[in-house]
2 protein chains.
Amino acid sequence: MSGSLAVVGLGPGDPDWITPETTAILAAAEEVLGYGPYLARLGPPRDGQRRHASDNREEIARARHALDLAAAGRRVAVVSGGDPGVFAMASAVFEAMEDGDPAWRALDVTVHPGVTAVLAAAARVGAPLGHDFCVVSLSENLKPWDLVLRRLDAAVAGDFVLALYNVASRARPWQLGAAFDRLRQSGRTGGTPVVLAAAVGRADERIVRATLADVDPAMADMRTLVLVGSSRTRCLARPDGRPPFVYTPRRVDPE
Amino acid sequence: MSGSLAVVGLGPGDPDWITPETTAILAAAEEVLGYGPYLARLGPPRDGQRRHASDNREEIARARHALDLAAAGRRVAVVSGGDPGVFAMASAVFEAMEDGDPAWRALDVTVHPGVTAVLAAAARVGAPLGHDFCVVSLSENLKPWDLVLRRLDAAVAGDFVLALYNVASRARPWQLGAAFDRLRQSGRTGGTPVVLAAAVGRADERIVRATLADVDPAMADMRTLVLVGSSRTRCLARPDGRPPFVYTPRRVDPE
């Protein structure tokens, strides 16, 4: 078997956030698999490259298909948005490998880092991740909601800045509001800065700055990344109608 | 004031992980400031570009210098490793701005995302971040050690995968061992996969796979990123002497 499988990520949206490593892998690939809208971001395939678009609920089937193609000797790339290791295709590939043909484990499978959404969202507003932080997916398609709540409670107990992925979709309209309620109940104060960052790096990017007391969860959709500050996160006012910077200082003095 | 200040990150080491956006900003900058070893990664400056190297304990002085240069009308870039918003220069710039000349708040200051170390370290071993995770700096230069311990406890309480930055230096030799002890005491089991990823993306990259029971903290240095799995993180054995993949499945079934 001389095939290979590279798992790559396109970043959150701006093509100038795709790493040169990923661009080179995609140029060399003979077979490229991914969720349709991600493949559409790549432009037309070069001569001899095949594209395989699938739905975003078909990750395991896509991973098996990719492993099969690699086992047949093809040079394969699987595309995620953001970074492929953060709520994306890399885990799906290893799940498929663990449950699949034992020969797949001998394949040349590599994962290549990208810019994950939280980094781009944070950069847009300042430096809210300047201190320790947690990353939590609100989707309960793959885990019980009780575990989400347990993790939100832990984020408050540790006074972490919190980044929330997969906050909403048409099938999951209530989770983000419930998460904000839980954070308030667990003791995160109403004045805490909250950022809703939608479609970061794309033409229709939209950034909303709010507080935990007044944020409207209905403003988020499936392309929105949500940041919730720690007790230290603050807003830095600016003149002339410019939006404030949101940032978390590096220093925490002893209480 | 027509100057500008862009805060950028070079990724963890491999030049092919620097985004095209960051490459373009650095090519256009008239003044580039940063920790000496990061500036050394850039190659020689173009004609008309000035470089300002400083020590890694001088972040606030560097940030003030950068803001001063931008206020004087210069096109300025400040360079971090990794992503500039994760334990890096972006927060230092906003701290300096908050305490400094009020005119600095009107400047054109932007932050640009990069590949942070945890993404590259995770990619090297598989997909350990496939589920919710926490990012914690073990440095107590800027925060009390009690807060580090509180956050480690919270990470265990929430069963998060844990990424540890700033784990060791000559001046801070004991923190990583103490952190591993705390995680064991808080209930993370001895079989939990642990990864020590040093100098990822460089010629002297070294990846150590261990468990929480047998990991040797003395193997880490100031260029090491540490990953500690959740209760779900597992190793996937491979044939022919290949190292196992370390990954965290996306799915958590109800207990």
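Reference entry: report on the structure contained in this document. Residue numbering note: each chain is counted from 1, following its sequence as written. Each chain is given a letter, starting from A, and each ligand a number, starting from 1, according to the order in which they appear as written. Note on the predicted model: pLDDT of at least 70 is required for a residue's local features to be given, and 80 or more for side-chain atom pairs to be given and counted; whole-chain, interface and lining totals, by contrast, use all residues. Only hydrogens and water are set aside; all other atoms, that is, all heavy atoms of the structure, feed into the side-chain values.

## Some words on the pairing of strand S11 (residues 224-228) of chain A
Residue and element names in this part refer to chain A.
Logical step 1: In this scheme, a residue with accessible area under 20% of its type's maximum is buried, one over 50% is exposed, and one in between is partly exposed, where area comes from a 1.4 Å probe on protein chains only. Comment: elements are numbered from the N terminus, with helices defined as DSSP H or I runs of at least four residues and strands as E runs of at least two. For S11, the tally of buried residues reaches five of five residues, placing the bulk of the element in the interior.
Logical step 2: Every second residue of S11 is oriented toward a common face, with Thr224, Val226 and Val228 on one face and Leu225 and Leu227 on the other, all of them buried.
Logical step 3: Whether two strands pair depends on DSSP finding at least two bridges between them. Both strand S8 (residues 161-165) and S11 contribute to a ladder of three bridges, which runs antiparallel. Bridge assignment links Leu162 to a residue of S11, and that residue is Val228.
Logical step 4: Bridge count between strand S9 (residues 193-198) and S11: five bridges; the pairing is antiparallel. By the bridge assignment, Ala197 is partnered in S11 with Leu225.

## Focus: helix H1 (residues 20-28) of chain A
All names here are of chain A.
Logical step 1: Those residues of H1 that sit buried are Glu21, Thr22, Ile25 and Leu26. For H1, the angular spread of buried residues about the axis comes to 130°, placing them on one side.
Logical step 2: Of the surrounding elements, those touching the buried residues of H1 are strand S1 (4-9), strand S2 (31-35) and strand S4 (75-80). As used here, the arc belongs to the directions running from the helix axis to the C-beta atoms. Two residues form a contact once any of their heavy atoms are found within 4.5 Å.

## Examining the relation of the copies chain A and chain B
Logical step 1: All copies are superposed by least squares; the fitting set is the C-alpha atoms of residues with a pLDDT of at least 70 in both. Overlay of chain A on chain B (RMSD 0.0 Å): rotation 180°, translation along the axis 0.0 Å. In short, the pair behaves as if placed about a two-fold rotation axis. Residue A:Cys134 of chain A places its C-alpha closer to the rotation axis than any other residue of that unit, at 2.1 Å.

## Considering the interface of chain A and chain B
Logical step 1: With 73 residues of chain A in contact, the opposing surface of chain B contributes 73 residues.
Logical step 2: When chain A packs against chain B, close to 6,500 Å² is buried across both sides, 58% of that on carbon and sulfur atoms.
Logical step 3: One speaks of a salt bridge when a side-chain nitrogen belonging to Lys or Arg is within 4 Å of a carboxyl oxygen belonging to Asp or Glu. One can count 10 salt bridges joining chain A with chain B.
Logical step 4: A:Glu98 is paired through a salt bridge with B:Arg234; the nearest N and O atoms lie 3.4 Å apart.
Logical step 5: Side-chain atoms alone can form a polar contact between residues adjacent in sequence; in general such a contact is a pair of N or O atoms within 3.5 Å, and within protein one must be able to donate a hydrogen while the other accepts it. Seen at the junction of chain A and chain B, the total is 38 residue pairs in polar contact (both at pLDDT 80 or more).
Logical step 6: Element by element, the count of residues in the side of chain A that touches chain B is highest for helix H4 (residues 89-99) of chain A, at seven residues.
Logical step 7: Side-chain classes are defined by residue name, with Ala, Val, Leu, Ile, Met, Phe, Trp, Tyr, Cys and Pro counting as nonpolar, Asp, Glu, Lys and Arg as charged, and the others, Gly among them, as polar. Residues that form the side of chain A that touches chain B fall into these classes: 41 nonpolar, 13 polar and 19 charged.
Logical step 8: With three bridges connecting them, strand S7 (residues 133-137) of chain A and strand S7 (residues 133-137) of chain B associate as antiparallel partners. If you follow A:Phe133 over to S7(B), its bridge partner there is B:Val135. Throughout, buried area stands for the accessible area (probe radius 1.4 Å) lost by two parts on being put together, summed over both.

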